[in-house]
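Letter by letter, the chains look like this.
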Amino acid sequence: MRRFILIAVPYLWLVALFLIPFVIVLKISLSDVALARPPYMPQLDFAAGWSGLVSFFAELDFDNFWFLTTDDLYWKAYLSSLQIALVSTVLTLIVGYPIAYAMARAAPEWRPTLLMLVILPFWTSFLIRVYAWMGILANEGLLNQFLLWLGVINTPLTILNTNTAVYIGIVYTYLPFMILPIYSALERMDDSLLEAAEDLGCSRLSAFWLVTIPLSKNGIIAGCFLVFIPVIGEFVIPSLLGGSGTLMIGKVLWEEFFSNRDWPVASAVAVILLLILVIPIILFQRNEQKQREAEG
Amino acid sequence: MRRFSWFNATALSLGFAFLYIPMIILVVYSFNASKLVTVWAGFSTQWYGELIRNEEFLNAAWVTIKVAVMSSTIATVLGTMAAYVLVRAGRFSGRTLFSGMIYAPLVMPEVITGLSLLLLFIGIGLDRGVLTIVLAHTTFSMCYVSVVVSSRLVSFDQSLEEAALDLGCSAFDAFRLVTLPIIAPAVISGWLLAFTLSLDDLVIASFTTGPSATTLPIKIFSAVRLGVSPEINALSTIMIAIVTVGVITASLITKQAAVRQARDERMAERPA
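Residues numbered from 1 in each chain as written. Chains lettered and ligands numbered in written order. Predicted model: local features only at pLDDT ≥ 70, side-chain atom pairs only at ≥ 80, totals over all residues. Heavy atoms only, no water.

## Side note on the UniProt feature "domain: ABC transmembrane type-1" (unreviewed entry) in chain B
Consideration 1: Taking the UniProt record as the reference, the feature "domain: ABC transmembrane type-1" (unreviewed entry) is found at residues 61–253 of chain B.
Consideration 2: End-to-end, the C-alpha atoms of residues 61–253 of chain B are 27 Å apart, and along that stretch the chain is 82% helix and 0% strand. (UniProt positions renumbered as here; feature names shortened; annotations may be inferred. Helix = DSSP H or I, 4+ residues; strand = E, 2+ residues; numbered from the N terminus.)

## Digging into empty space enclosed by the protein
Consideration 1: Overall, the coordinates contain two cavities of 30 Å³ or more when judged by the stated rule.
Consideration 2: Approximately 90 Å³ is the volume found for the largest cavity.
Consideration 3: Looking at the largest cavity, it is lined by 12 residues, and the ones nearest its centre are G135 of chain A together with I25, Y29, V228 and N233 of chain B.
Consideration 4: Of all elements in the fold, only α6 (126–137) of chain A together with α1 (6–29) of chain B reach the threshold of two or more residues within the lining of the largest cavity.
Consideration 5: Considering every element that reaches the lining of the largest cavity, the biggest residue donor is α6 of chain A, with four residues.
Consideration 6: Classifying every residue of the lining of the largest cavity gives nine nonpolar, three polar and no charged.
Consideration 7: Reported here for the second largest cavity is a volume of approximately 30 Å³.
Consideration 8: Forming the walls of the second largest cavity are L17, F18 and F22 of chain A together with M108, T113, S116 and L117 of chain B. (1 Å grid on protein atoms, 1.4 Å probe; cavity = no way out; pocket = protein on both sides within 12 Å on 5 of 7 lines; lining within 4 Å. Points joined across faces, edges and corners; volume = space filled by probe spheres on them. Nonpolar A, V, L, I, M, F, W, Y, C, P; charged D, E, K, R; others polar.)

## Examining the interface of chain B and chain A
Consideration 1: With 81 residues of chain B in contact, the opposing surface of chain A contributes 85 residues.
Consideration 2: Buried area between chain B and chain A, both sides added, is near 7600 Å², and the carbon and sulfur share of it is 79%.
Consideration 3: Run the count over chain B and chain A and you get zero salt bridges.
Consideration 4: Looking at the side of chain B that touches chain A, the element that brings in the most residues is α1 of chain B, giving 14 residues.
Consideration 5: In the side of chain B that touches chain A, the residues fall into 60 nonpolar, 16 polar and five charged. (Contact = heavy atoms within 4.5 Å. Buried area = accessible area lost by both parts, 1.4 Å probe. Salt bridge = Lys/Arg side-chain N within 4 Å of Asp/Glu carboxyl O.)

## Some remarks on the UniProt feature "domain: ABC transmembrane type-1" (unreviewed entry) in chain A
Consideration 1: Mapped onto this structure's residue numbering, the UniProt feature "domain: ABC transmembrane type-1" (unreviewed entry) falls at residues 78–284 of chain A.
Consideration 2: Within residues 78–284 of chain A, the helical portion is 78% and the strand portion 0%, while the C-alpha atoms at the span's ends are 20 Å from each other.

## Quick notes on the UniProt feature "transmembrane region" (unreviewed entry) in chain A
All names here are of chain A.
Consideration 1: Following the UniProt record, the feature "transmembrane region" (unreviewed entry) maps to residues 6–28, 40–58, 78–102, 114–136, 167–186 and 266–284 here.
Consideration 2: Annotated as residues 6–28, this span is 100% helix and 0% strand, and its ends, taken at the C-alpha atoms, are 33 Å apart.
Consideration 3: As annotated, residues 167–186 has a helix share of 100% and a strand share of 0%, and its two end C-alpha atoms lie 26 Å apart.

## Points about helix α13 (residues 249–258) of chain A
Consideration 1: When you tally the buried positions in α13 of chain A, you get eight out of 10 residues, the bulk of the element.
Consideration 2: Those residues of α13 of chain A that fall on the buried side of the exposure criterion are I249, G250, K251, V252, L253, W254, E256 and F257 of chain A. (Buried < 20%, exposed > 50% of the residue type's maximum accessible area, 1.4 Å probe, protein only.)

## As for the UniProt feature "transmembrane region" (unreviewed entry) in chain B
Residue and element names in this part refer to chain B.
Consideration 1: Taking the UniProt record as the reference, the feature "transmembrane region" (unreviewed entry) is found at residues 12–31, 60–86, 98–124, 130–154, 174–194 and 232–253.
Consideration 2: Secondary structure across residues 98–124 divides into 89% helix and 0% strand, with the first and last C-alpha atoms of the span separated by 24 Å.
Consideration 3: Helix makes up 100% of residues 130–154 and strand 0%, whereas the separation of the span's terminal C-alpha atoms amounts to 35 Å.

## Description of the layout of surface pockets
Consideration 1: The space that makes up the second largest pocket amounts to roughly 620 Å³.
Consideration 2: As for the second largest pocket, its lining consists of 21 residues, of which R2 and L6 of chain A together with Y84, A171 and F175 of chain B are closest to the centre.
Consideration 3: Those elements that place two or more of their residues in the lining of the second largest pocket are α1 (2–29) of chain A together with α3 (55–88), α7 (159–166) and α8 (171–200) of chain B.
Consideration 4: Among the elements that make up the lining of the second largest pocket, the one with the highest residue count is α8 of chain B (seven residues).
Consideration 5: Residues belonging to the lining of the second largest pocket are distributed by class as follows: 13 nonpolar, four polar and four charged.

## Quick look at helix α10 (residues 204–215) of chain A
Side chains that are three or four residues apart share a direction in an α-helix, a result of its 3.6 residues per turn.
Consideration 1: Its 12 residues give α10 of chain A an end-to-end C-alpha distance of 15 Å, which sits within 8% of 16 Å, the value for a rise of 1.5 Å per residue.
Consideration 2: Elements in contact with the buried residues of α10 of chain A: α4 (72–105), α8 (163–187) and α9 (191–199) of chain A. (Expected span 1.5 Å × (residues − 1).)

## Examining a nonpolar patch on the surface
Consideration 1: Together, L86, V87, V90, L91 and I94 of chain A line one region of the surface with nonpolar side chains, adding up to about 420 Å² of accessible area.
Consideration 2: What makes L91 of chain A partly exposed here is its relative accessible area of 33%. (Patch = residues over 30% accessible without salt bridge, like charges linked within 9 Å, V, L, I, M, F, W, Y side chains within 5 Å. Areas by Shrake-Rupley, 256 points an atom, 1.4 Å probe, with all protein chains shown as cover.)

## Quick look at the confidence of the model for chain B
Residues and elements named next belong to chain B.
Consideration 1: Averaged over every residue, the pLDDT of chain B is 87; residues scoring 70 or more account for 97%.
Consideration 2: Averaged pLDDT values over the elements of chain B bottom out at 82 in helix α11 (residues 230–269) and peak at 94 in helix α9 (residues 203–208).
Consideration 3: The ipTM value of the predicted complex is 0.86, and its pTM value is 0.87. (pLDDT = per-residue confidence, 0-100.)

## Considerations on the side chain of K251 of chain A
Consideration 1: Mapped onto the fold, K251 of chain A is located in helix α13.
Consideration 2: K251 of chain A has contacts with E234, F235, P238, S239, G243 and T246 of chain A, leaving out every residue within four places of it along the chain.

## Structural notes on the pattern of salt bridges
Consideration 1: One pass over the structure, following the stated rule, counts five salt bridges over all chains.
Consideration 2: Measuring nitrogen to oxygen at the nearest pair gives 3.3 Å for the salt bridge that ties R111 of chain A to E187 of chain A. On the criterion of sequence distance, the pair formed by R111 of chain A in helix α5 (residues 111–123) and E187 of chain A in helix α8 is long-range, its members being 76 residues apart.
Consideration 3: Residue classification places R111 of chain A among the buried residues on the basis of a relative accessible area of 11%.
Consideration 4: A salt bridge links E161 of chain B to R88 of chain B; the nearest nitrogen and oxygen atoms lie 2.9 Å apart.

Okay, structure coming up:
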């Protein structure tokens, strides 16, 4: 009995507040917009019994998904989300790997402090960290003031409200997610392997490519997924740092819902976003499982 | 001997400069006398004064803290239960679905979680406000709690629990007297994680709130959309200070606990 309650309480909670909402999104994505409250139809009419159920399903259709393919905006937004996520994952890896590498090479008594310095920004509000860049990247912002003072440029660069600002924001906020898994892979590495490689005639650089990189492969893969997956649905960064030209699907969904009040189309956008995410999520899970098996 | 070269030193200093300079600038400019956030006009604390007098921000802060305390507490209870089920309950029908539902919210885009919960709340006619935000936050943060707690449950020695049962403890007492103290650090860090996730959340709260409840992130977001403002800098500085003090204190406490535990273990091993 006690075991039953232990399982049932969290189970029912998740079914009610995670699974059912999801089914509702799926259902509304197949409905039509209506000038009513709630603004979609058909409504499921339980009072009408079986015939109500039949007519309800008869009225569902794929019109919203069809609509998504006819309007350029949507597939462009999907493609540009994928592109932004891909480029920023690579950028984060390039910035994050040397930091993780240097942390793993630091003296053991320093490592807990360095680790805390990486984790600390992660606990600080995401919104505030994105906001911090608005004052730096603006036309009259500190970066432009600094570059003008150095004499590198003569006229201020336009960075804020462009895709460049979005990339900077993503690399900045997601950097800890890249550093931590790579660091934990590198930290476990056995140094004598590097010495062996060098004894056998490897140069330092080729020992790095042939030994260090392959041994940190799992950390790299985990870090890349931890950046790539959430960035695809990102909303805050493109809406604060991006411009009108920055198309990302999270932002489109938000505007479809809050500005256009088109719930069925917003739901259809959500369903497709999820379908896009399924593949990287499955690959990520498989990588994690492989790693667990390798350790256990 | 590990090599620590100039390359590593450069990587670390550039990396941490990148991570910290934006926040340091934010803090410094919150003490700027000028209304223009990018022009330095002398030291002043006037924006903190204006912040304290700003009722809207104070109300939003209060709502945010209420939501965070309630949702993280419920999430800790539910998440610990879920972790226990995942690690200890063995097989039961629907186990795959259960573990799927625990892991899926961790990778679900916030816009989708927010949208789906809003549609649910409207569907069942629940008035949107503090309650609906608490329900939403509890749901996604309980998953984080259960991941943190289950990793601790996996690593601990189950024979301790069996010993307590052999010595006559009821299953509940064995949990309360043996298991809970051992997993307590994980439960506490799970609570802290849930608390910060709730404090931080903009997207899900925006979807699930109604006109009666505005949280701080929602307030900040709508202010920030209009541009940089010194008041927001002051508010950010306060939040950064709280988090920094909290994280450093927590890490000192866990460090002390680890030292104490190591000493106790040494004492226990010493022959009498």
